[in-house]
Amino acid sequence: MESDTKRTGLTSVQVAERVKKGLSNRAARQKTKTVRGILVENIFSVFNFIILGIIIFLIIFFFRDRDWRLILDSAGVFLVAFVNTVIAIFQELKAKHALDKVSLLLKKEAVVIRDGREQTIPVTDIVVDDLVVLRRGDQTVVDGSIVDSVRLEIDESLLTGESVPIEKKPGDTVLSGSFCVAGRGVFMVEKVGHDSYASSVTGLARKYKFVRTPLQKRIDTLIQFLFVSALILVCASVLGEIFRPRGLPEADFVRSLAAILISLVPQGLVLFTSVAFALGVFRISRIGAIVQKLNAIESFSNVRVVCADKTGTLTENRLSVHIITNVSAGMPDPEIESLLGSFSEFSTEKNATIRAINGFPPLPGTRRIDEYPFSSDSKMSMLTLEVSGEKTHFVLGAYDLLLEKFPGDRPVILKDVFEKNELGIYRNLLFLRVKAEKPLEWVRDNLASAPLEPLCFVSIKDTVRRDVYDAIALFAKNDIKVKVLSGDAPEAIAAVLREIGWDIPIDRFVTGQELDGIDEKTLDALVLDKEVFARLKPEHKLSIVRSLKRRKIYTAMLGDGVNDLPAIKEANMGIAMEEGSSITKEVADIVLLKNKFSLLPEIFNEGNKIINSVSSVAKLFLTKNFMVILMTLFTLFFLFEFPLTPRRVSLLNMFGIGIPALLMALLNKNVKRYPYFIKDVLSYTITSASVIVAGVYASYYFIPLLLPSVPPQGDMVMMTVMIVLFVANFVIISLESGSSTYSIWIFGVFLAAVYILFTAFDFNFILFRLVKEFYEINTINPAYWIVLSVFSLSSCVLLFFLHFLRNKFFLKETMTVH
């Protein structure tokens, strides 16, 4: 590509002029939410609009009836919504700050030609008319036109869905969102920022593409159920009030309707679910990984198989030449090494293998004439060089695939040399010379019939990552299988695995050739049975991931190169290494900083914590929701007392749900895997709600019978039993999730004690009295406390016992704990 030297690109002055005119790429879309976006999303949420509607409803009736309780109820409802919104905003801003900070470590850069030389700059500094250099694995982040091309092949599948690469020649258009899979090229920038193609079609190939996950769909289903229940119960209550002979006073009826609506609007459930996910992103970023798609968090707890590339994943991709084995017809070793040096010098794609042979000195006076850069499909690269005035073709590629191209017994002879020198434990290449007058394109298409002259075996060694075996052991402990998907030969993979300490029998290996042409059923059986897949092309890796997904096996794909990209895109969760190609990191769900394979088990555990936090929070909120549904039905059909008002709902939210839920989201350390979310949550909440309703109404009807001479305080008796049982409910959920027994009991007793302090005493402090008046807390007659304590503790014991039975029998067959 000699024309590169003639192109100087923009000067520094020209770049500065374009920046002043706003022709830079700085308008490119942010990868995280903006502060403004977080504020708008949380303040103007659908739940806050519903809360606003309830407040307006209460205020309208206040102006009609002049009942000041309605104003206080409005203030109580507003206070709960305000606190929930502030907590949500704070946690999202905290997660955003952590993501922005850690994302700085994952620099996104481009190579441009300026002032006559190549420079690496942040992609945001690209300006119109810049010359951008494209190499294998680079993503095009702006639009432009090709000005130079060396067999440049561009994949536009992220834009068009078409996975067949397109060869680009000078004058052809290249669009942002596409990426280079082979060759090298230079293009001139025409559109940047919001004017680029990817931005104009709502950010195709952007990091925060969001797809509803199974857990989110289940939460959505529960929310829809609660909304429908709220509407049905409100309508039924209105009809019941119309046809009831002696109805409630109008203000009391309005307050009960508002209490039902507030109780069933799932703002808190959505809020604390978001808090749990935000905390998870924050903690994962501190471990050393960047979550690029928030819905990937749920994937952590579902992954059953991890497919991992070998080079750059299990190994460090720091290749070095171990030995050169001369198989030529008398060519001296120094001359072969110089030819290898020339091959490396004039190869446009400087991948790890080319860099490994870069230490050999090139032959002076050598000139490149033509090239076919390395391809993952062919597993070889070709160059036409002019050496000492003579045009010669050279091929460097996978030794076993090139041996098949030789006629007669030549492969047997070369294989014998290979085995005698015990080269099988290395990654081996075969270096060939082809003396033919035909062009390089003919050599590529007719390699088997070309006059091939073997020169040497190039044996390359790699460095195994020290932390790999520990990570694989942790995966096994958690019943997660690891499958190796590599383009290398089986012998080289086996040697690396032995060095790791993972000895896999050879009958657990299968090659890409064995996968070719087999039917879907046979492929599925092989994929399930085998552990190591060798000599794979990108389409093989893709078919393996698809096979696992067909069997409903949640699959993660871990890789670093362009050849891993199709499989990473297809997998339920794509994971890229920090040193991987830019496009692989762009489409992955998560990027491992510092390329630490050992982080994965810890990240998966963090994912389990998040899902378990969501489960625990859902149990708290849904217990209240089902309790309100049952109480409303008892009130409608049996004319039972309905003890809740909007302010008392706020009181219940504070003591029994809000504070406990926040603590569980912050302190949860449970890494168990619970695959049956809906069954667990619904069985728990129905059990708890039934016991709470039974305990509340039993205390309301039976305590006055036991104490006939004491003035009745039915509403306070019901609220006290309710809050004590909700505190017990929180303790049970925390204990089931593996929280510290000692601290949970202390906190549970503390919560109950604070509430009892307000109900048992009447201190003459202004703040104390204001709180009691605002939340409608009346002092309970001392004569009630012994009987009330017995009812409350008996109900708590019953609640603990029923959940013990639920865990022992109902969930025994379906809960899997590792």
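Before reading on, note that the structure itself is shown above.
Our subject in this report is the structure included herewith.

Each value, and the rule that gives it
Residues numbered from 1 in each chain as written. Predicted model: local features only at pLDDT ≥ 70, side-chain atom pairs only at ≥ 80, totals over all residues. Heavy atoms only, no water. Phe/Tyr/Trp six-rings, centres within 6.5 Å; stacked < 30°, edge-to-face > 60°. Helix = DSSP H or I, 4+ residues; strand = E, 2+ residues; numbered from the N terminus. Buried < 20%, exposed > 50% of the residue type's maximum accessible area, 1.4 Å probe, protein only. Lys NZ or Arg CZ within 6 Å of the ring centre and 35° of its normal. Axes fitted to C-alpha atoms, helices over the stretch in contact; angles between N-to-C directions. Parallel < 35°, antiparallel > 145°, perpendicular 65-115°, else oblique. Left-handed = near helix turned anticlockwise from the far one by under 90°. Nonpolar A, V, L, I, M, F, W, Y, C, P; charged D, E, K, R; others polar. Contact = heavy atoms within 4.5 Å. Pairing = 2+ DSSP bridges.

**Focus: the packing of aromatic side chains**
Logical step 1: Under the definition given, this model contains 28 aromatic pairs.
Logical step 2: Relative to Phe-638, the ring of Phe-634 lies with its centre 5.8 Å away and its plane at 40 degrees, an arrangement referred to as tilted. Here Phe-638 and Phe-634 lie together in helix α25 (residues 599–638), a separation of four residues that amounts to about one turn.
Logical step 3: On the basis of relative accessible area, Phe-634 is assigned to the partly exposed category, the value being 28%.
Logical step 4: Members of the aromatic cluster, connected to one another through ring pairs, are Phe-634, Phe-638, Phe-640, Tyr-697, Tyr-700 and Tyr-701.
Logical step 5: When the ring centre of Phe-62 is taken as origin, the NZ or CZ atom of Arg-66, which lies over that ring, is 5.7 Å away.

**Thoughts on the packing of helix α27 (residues 677–706) against helix α31 (residues 785–810)**
Logical step 1: Relative to each other, α27 and α31 sit at 155 degrees, their axes nearing to 10 Å. On the basis of the axis angle, α27 is roughly antiparallel to α31. Of the two possible hands of crossing, α27 and α31 adopt the one that is right-handed.
Logical step 2: Among the residues forming the contact of α27 with α31, the class breakdown is 13 nonpolar, seven polar and three charged.

**Points about the side chain of Thr-511**
Logical step 1: Along the chain, the position of Thr-511 falls in strand β17 (residues 509–511).
Logical step 2: For Thr-511, a relative accessible area of 17% puts it in the buried group.
Logical step 3: Apart from the residues lying within four places of it in its own chain, the contact partners of Thr-511 are Pro-490 and Ala-534.

**Quick look at the sheet that holds strand β18 (residues 532–534)**
Within a sheet, each strand pairs with its neighbour through backbone hydrogen bonds, oriented either parallel or antiparallel.
Logical step 1: The strand order across the open sheet formed by eight strands is β8-β21-β20-β19-β9-β16-β18-β17, and the pairing between neighbours is mixed. Every other strand in the sheet has two partners, leaving β8 (289–291) and β17 as the edge strands with one partner each. Averaged over all adjacent pairs, the angle separating strand axes in this sheet is 20 degrees, with direction ignored.
Logical step 2: Strand direction decides the pairing type here: strand β9 (residues 305–308) and strand β16 (residues 481–485), joined by four bridges, are parallel. Along β16, the bridge assignment pairs Val-305 with Lys-481.

**Let's talk about the sheet that holds strand β10 (residues 320–326)**
Logical step 1: Across the sheet, which stays open at both edges, the six strands sit in the order β10-β15-β14-β13-β12-β11 with antiparallel pairing between neighbours. Either end of the sheet is taken by a strand with one partner, and the two such strands are β10 and β11 (367–375). Within this sheet the neighbouring strands show an average axis-to-axis angle of 20 degrees, counted without direction.
Logical step 2: Lying on the sheet, helix α13 (residues 333–346) is in contact with β10, β11, β12 (380–387), β13 (390–398), β14 (427–434) and β15 (452–461); it crosses β12 at an angle near 110 degrees.
Logical step 3: Contacts from helix α16 (residues 410–420) reach β10, β14 and β15, with the element oriented near 30 degrees to β15.

**Brief notes about the pairing of β11**
Logical step 1: As paired strands, β11 and β12 are joined by six bridges and run antiparallel to one another. Residue pairing for β12: Ser-375 is matched across the bridge by Met-380.
Logical step 2: The hairpin turn running from β11 into β12, its antiparallel successor, is four residues long, and Lys-379 in that turn takes a positive phi close to 60 degrees.

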